[in-house]
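Close look at the chain arrangement
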2 protein chains.
Amino acid sequence: MADSVPGGYNGEILRVDLSKERVDREKIDGEFCRKYLGGTGFIVYCLLKETRPGLDPLGPENRLVFALGPLTGLSLGGSARHTVGAKSPLTGGIAKAEAGEYWGSQLKRAGFDALIIQGKAKRPVYLWIHRGEAEISDASHLWGKATKETQETIRSELADDRIRVAMIGPAGENRVRFACVMHGLFDAAGRGGMGAVMGSKNLKAVAVRGDRLPPVAGSDGVKLLATWLKENLDLMKSFSEFGTGGPMPRFEKLGNLPVRNFRDGGFPAVDKISAETLKQTIRIGMDSCFACPVRCKKTVEVKDPPYQVDPSYGGPEYETLGALGSACGIDNLAAIARANQLCNAYSLDTISTGMTIASAMECYENGLLTQEQLGGLELKFGNADAMLKMIDLIAVREGIGDLLAEGCARAAESIGKGADAFAMHVKKQEIPMHEPRLSKALGLGYMVNPHGADHMDSMIDIFYSSFGQQPVLTIPDAVPIGLEPAHLDDIGPRKVALFKLIQSKRIICDSLVLCDFLPYSYTQISSLLSAVTGWETSVAEHIRISERILTMCRMFNVREGLSEADDRLPSRFFSPTRNGPLADKALDVEEMEKAKHYYYRLMGWDDKGVPLPERLEELGIDHLTSKA
Amino acid sequence: MADSVPGGYNGEILRVDLSKERVDREKIDGEFCRKYLGGTGFIVYCLLKETRPGLDPLGPENRLVFALGPLTGLSLGGSARHTVGAKSPLTGGIAKAEAGEYWGSQLKRAGFDALIIQGKAKRPVYLWIHRGEAEISDASHLWGKATKETQETIRSELADDRIRVAMIGPAGENRVRFACVMHGLFDAAGRGGMGAVMGSKNLKAVAVRGDRLPPVAGSDGVKLLATWLKENLDLMKSFSEFGTGGPMPRFEKLGNLPVRNFRDGGFPAVDKISAETLKQTIRIGMDSCFACPVRCKKTVEVKDPPYQVDPSYGGPEYETLGALGSACGIDNLAAIARANQLCNAYSLDTISTGMTIASAMECYENGLLTQEQLGGLELKFGNADAMLKMIDLIAVREGIGDLLAEGCARAAESIGKGADAFAMHVKKQEIPMHEPRLSKALGLGYMVNPHGADHMDSMIDIFYSSFGQQPVLTIPDAVPIGLEPAHLDDIGPRKVALFKLIQSKRIICDSLVLCDFLPYSYTQISSLLSAVTGWETSVAEHIRISERILTMCRMFNVREGLSEADDRLPSRFFSPTRNGPLADKALDVEEMEKAKHYYYRLMGWDDKGVPLPERLEELGIDHLTSKA
């Protein structure tokens, strides 16, 4: 097995050293594939193996990795995704973010399983990958340009409209710590500041065009699951009809919708900004990632000023509707859609952008930021124009924007005077749009997720309870553990074990790479992987691989100075919201700490969350321990 | 799910209180089935739930449980088995032993999933179970009789030759601490002294006849695996051709064959007692358990004195060829076969019998037992006649036999003068026929197995190395952990994790109940269970269930006073054998202790091997904690 590469893999890595202007191809073998899969697993391996402790995330040593997995590019809903990762300029730990679109499937078809970028170009460049080759081209003329113009120019220069482009706008160039990498104009690898890392390397874009079929062993297994999905597309009805954010009004009623920087509870205006209303008003269509029948991606258009929206920038996802909507107290849908467009054009993560602005709004309302500091802006909750202006300022790091471009945690540190009470983050990454006071397991997820608070890794029972959906559907093994919908308050040992299981499924999805939204059970995913690769594998092996990858992420974070103290929620969550459904609900510090320590134990880490040496040996990753 | 019973289960338990002469039927529900499966899981649940700490294993409070599982009685090789369990009079902890034959499949067809026997009959009785009913009948006329006569008499009384009988001979009646329960004349539920428990209840036999088809949901899945087995019967070639013990000469060469109470190494006479020689000499046929195409059960016949053997008592398995052969220094095959017949007639576990006698032989050779104490017998290694005579004495507890009937550990304690150095046991149960000095993981298995040293629960890499068999065949998930054949010396964290995985598969087999020998992979077993029950289940869930059951066994042992100190190997293994292939090989105390503690950690137990309260809660078994 050691030498042959299984189905699903090209077995080739593309490495680009921008300092040396050098392009190399490297092999991976079957043993490597089975141990780390791809995606997140590949990324953390690369960082542990190739970088020195304490590296500057915005320095040339950092690796920016675009990693596919064995499922990327299959003709199957959910398999269009890939993962982008690096040491995060936002958290200082490991970062990874997935994106859909067509970019990943094109890279697979161009003959590669991953792209590793290191060094720093002397001046702006872009990469052009096709037919197993890569060229480094000048991008000086693209620097400073928005994503749309960037993509159009590259396609026109290369005379091919079907080229797929991963790129940054001005925010990435300016190293905004939460800049994202855009894939096309509305698919972001959003979190962790991957756009800033790309900008720090003077890399404007990576254009890809593939021309060969992806390597698959058992196409019957793929067809089988594709047929199953087709027959069960009803399970994705809300996604197909509304995209993300269908149940926003229900979320608001439950207390799951963050309002005014997680300070308030109710948001009666939710109906003005919900995905349902969006469908009835500004939406003009639905788009999709490669090969996905769900078609969950909104396209919106607003022709009338002041909040015009160009449909080529897509439309706001749920996280965006929350972060740039209710979290900022804003109920103007067109303004939110406009903000979404700005973020996509500048390459800004909408969650961190919205939550950083929300934090600044609360600082302003509490007198910690003055109107003068804000360049005359009245940055109050609900002021949509101020919010939009702030996005501009952040992207170009102008005035107060330069401070906010550091993210809410660093900004609060600079502001002082207790501003940190309003900085809603874990590991300096802004908290996404689900309420931990409503679901303790979600809170635990925010705490221990290696990438900081994240919307993709922790959504354990919110959905089961709010949709009344049986967990058996996606988590068959959870049944005997005893998960029942609406056990939101439970964070005892059984719940922690269930959380670990769901986290395991998520990290496997991020390593295969597969969309978290698709309703495949863990068993189905295992069978699919067996079919594609020819491995006789099982959920048990995948749980083990997830433990390996999560422990590697932990190793990296520990190496970079993160500790147990960074696995903490903001103090705000230990008091109730001002009003709304959670007005008498708050988390308990001791209870959450207890759950955290039980999670450490289940992971084979010590009381401080440091992986035990024996555990590293057991998982076969002791050789990745830093010698420095 | 809570109320409906899945396929594979009747949902009915038969409870017989011999003190009250009362027969009851009780229901189990689907949730119970999925949580504990059956077999070992059922037994330990019953003991934890129904008995008080410190109960006398030979008192009326002890439960003698015959537990089937969802696979028992399927038309599929390996599914004829059931598990017999109780608090062990030998170890003082939990005991369980599996048996094949037709008895279990008949109980399933009689409408039950388990039989719980409690109390004590006023005089000898036997049970007669058929058509969903059970009768308690007088057995005074059977008391003192050998198994063959017992079975014949019952069949004739009930006028049905196809009745299957579980029973004891004189050894069980006399509460020899290692008496077994015989099923027919050559299938023993051998270990832990279940025959003594049966004897203590004045229960001579349980006769069963079933007449309905077993409840199965997905018979297609069963057929699928049955077909696979048929097509892959080559994998069982050695079993079909020789029965157990095919590779005995290879074992001897490797050092795996115990010689003279584990004192010596080489046994050049191995060829005189091997299963291969047996085939060429005294074997007259092969028999099988219900529905099994492997047919691994030997039938032998010896007509000439002094060692006549009646073929109805079957023939010696590998463990018997070792324990009553090389371990006693005996190389006379007919004598071993005769000893086997005696054990089956008396209902004695051949392993404990052989090893207790071997221990006495070494005591005698070292002057710790005199010829006078031995009633004139010259109990030297190699003296077959003395060995045979000793079996008689043990069964009826006559003379020195009364002492040895207590097992080697208790006998050594009585003898004193350092006799414990020759008592080869873990938790007072005699060590079976594989050498821990050869395989450290095997040694760990003997140490931590809840039932004491056992031949069924620990045979990790002996086979891979001696057969050159790829572990991928039966343990697919082991591949990424990195098991390679012949890594016998490794007992690092990865090996401990692999050991735990294999132990998990074994305990699941013992709970389903399924023969450990059949070459089904863990994944195949999971799929089979899904097919039979209709559950969407996976190896991951089964690992979890195995953790639950093993932790329950541990809870029971801790409750009954066993501790970390009982998870130890005899000191002999920390020195090399006198001669042979292991003459320069010995285990290291510290290394084995380290491995043991890592195993505890993987199980979620504390440093003393006591399950953590959070772990009990996580596994949903905290309600089984004793209040006393």
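Here, residues in each chain are numbered from 1, in the same order as that chain's written sequence. Ligands are numbered from 1 and chains lettered from A, in the order in which they are written. Reporting of local features is limited, given that this is a predicted model, to residues whose pLDDT is at least 70; pairs of side-chain atoms are given and counted only at 80 or more, and all residues count toward the totals for whole chains, interfaces and linings. Based on all heavy atoms of the structure, the side-chain values leave hydrogens and waters out of the count.

Counting its secondary structure elements, chain A contains 24 helices and 16 strands. Along the first, second and third principal axes, the C-alpha set of chain A runs to 65 × 60 × 55 Å. Relative to its full complement of 628 residues, chain A shows a buried share of 68%. In chain A, once contacts between residues fewer than 6 apart in sequence are set aside, the share between residues at least 24 apart is 70%. Summed over all atoms, the accessible surface of chain A reaches about 19800 Å², with 48% contributed by carbon and sulfur. Here chain A contributes 74 positively and 81 negatively charged side chains, and the mean placements of these two sets differ by 1 Å. Helix numbering and strand numbering both begin at the N terminus, where a helix is a DSSP run of H or I of at least 4 residues and a strand a DSSP run of E of at least 2. The cut-offs for exposure are 20% and 50% of the maximum accessible area for each residue type, with area from a 1.4 Å probe on protein chains only; residues under the lower value are buried, those over the upper are exposed, and the others partly exposed. Note on contacts: a residue pair is in contact if any heavy atoms of the two residues lie within 4.5 Å. Only the protein chains shown count as cover for residues, with accessible areas throughout obtained via the Shrake-Rupley method and a probe of 1.4 Å. Counted charges follow a simple rule, with Lys and Arg positive, Asp and Glu negative, and His plus the chain ends left uncounted. Throughout, a charge is located at the NZ atom of Lys, the CZ atom of Arg, the CG atom of Asp or the CD atom of Glu.

In this section: the confidence of the model for chain A. Residues and elements named next belong to chain A. For chain A, per-residue confidence averages 93 on the pLDDT scale, and 94% of positions sit at 70 or higher. Each residue gets a pLDDT score, which is the predictor's confidence in that residue and runs from 0 to 100. pLDDT under 50 marks residues 478–482. Its contacts with residues more than four places away, or in other chains, come to 14 contacts. In the predicted complex, the global pTM is 0.94; the interface-specific ipTM is 0.90.

Our focus in this paragraph is the environment of A:R81. Residues and elements named next belong to chain A. Residue placement: R81 occurs in the loop between strand 3 (64–67) and strand 4 (82–87). Note on R81: relative accessible area 15%, which makes it buried. Placed 223 residues apart in sequence, R81 and D304 show a C-alpha to C-alpha distance of 35 Å.

Residues spaced three or four apart along an α-helix face the same direction, because each turn holds 3.6 residues. If you check helix 14 (residues 350–365) of chain A, its first and last C-alpha atoms are 22 Å apart, about what 16 residues at 1.5 Å a residue would give, namely 22 Å. With 15 of 16 residues buried, helix 14 of chain A is to be regarded as a mostly interior element. Multiplying 1.5 Å by the helix residue count minus one yields the expected span of that helix.

Residue and element names in this part refer to chain A. Bear in mind that the domain bounds are from an automatic or database domain assignment. Segmentation of chain A into domains returns domain 1 (12–209), domain 2 (241–430) and domain 3 (440–619). Its C-alpha centre places domain 1 at a distance of 26 Å from the equivalent point of domain 2. If you look at the interface, domain 1 gives 37 residues, while domain 2 gives 35 residues. Carbon and sulfur atoms supply 56% of the area buried between domain 1 and domain 2, which totals about 2800 Å² over both sides. On the domain 1 side of the interface with domain 2, the three residues burying the most area are F178, F186 and R191, jointly 28% of the side's total. Think of a salt bridge as a Lys or Arg side-chain nitrogen and an Asp or Glu carboxyl oxygen that are within 4 Å of each other. For the interface between domain 1 and domain 2, the tally reads four salt bridges. A salt bridge links R177 to E406; the shortest N-O distance between them is 2.9 Å. Polar contact criterion, stated in full: a pair of N or O atoms within 3.5 Å, where within protein one must be able to donate a hydrogen and the other to accept it, and residues adjacent in sequence count only if both atoms are side-chain atoms. The tally of links between domain 1 and domain 2 comes to 26 residue pairs in polar contact (both at pLDDT 80 or more). Of all the secondary-structure elements, those providing two or more residues to the side of domain 1 that touches domain 2 are helix 3 (103–109), helix 4 (147–157) and helix 5 (170–173). Considering each element in turn, the side of domain 1 that touches domain 2 owes the most residues, three residues, to helix 5. Accessible-area loss on putting two parts together, using a 1.4 Å probe and summing over both, is the definition of buried area adopted here.

Turning our eyes to something else, we now look at the sheet that holds strand 1 (residues 12–17) of chain B. Residue and element names in this part refer to chain B. Here we have six strands laid out as an open sheet, ordered 2-1-6-3-4-5, and mixed in their pairing. The strands lining the two open edges of the sheet, one partner per strand, are strand 2 (22–27) and strand 5 (94–99). Across the sheet, the mean angle from the axis of one strand to that of its neighbour is 15 degrees, orientation sign disregarded. Two strands pair when backbone bridges link them, and strand 3 (residues 64–67) and strand 4 (residues 82–87) are joined in this way by three bridges, in the antiparallel orientation. Bridged to V65 within strand 4 is G85. Where helix 2 (residues 39–50) meets the sheet, it contacts strand 1, strand 3, strand 4, strand 5 and strand 6 (114–118), and its direction lies at approximately 25 degrees from that of strand 4. Should DSSP find at least two bridges between two strands, the strands are regarded as paired. Axis definition: a line fitted to C-alpha atoms, limited for helices to the stretch in contact. Angles are taken between N-to-C directions and run from 0 to 180 degrees.

This part is about the sheet that holds strand 4 of chain A. All names here are of chain A. The sheet built from six strands is open, its strands ordered 2-1-6-3-4-5 with mixed pairing. The strands lining the two open edges of the sheet, one partner per strand, are strand 2 (22–27) and strand 5 (94–99). Neighbour-to-neighbour, the strand axes of the sheet open up by a mean angle of 15 degrees, direction not taken into account. Bridge count between strand 4 and strand 5: six bridges; the pairing is antiparallel. Across the sheet, the residue bridging to T83 is E98, located in strand 5.

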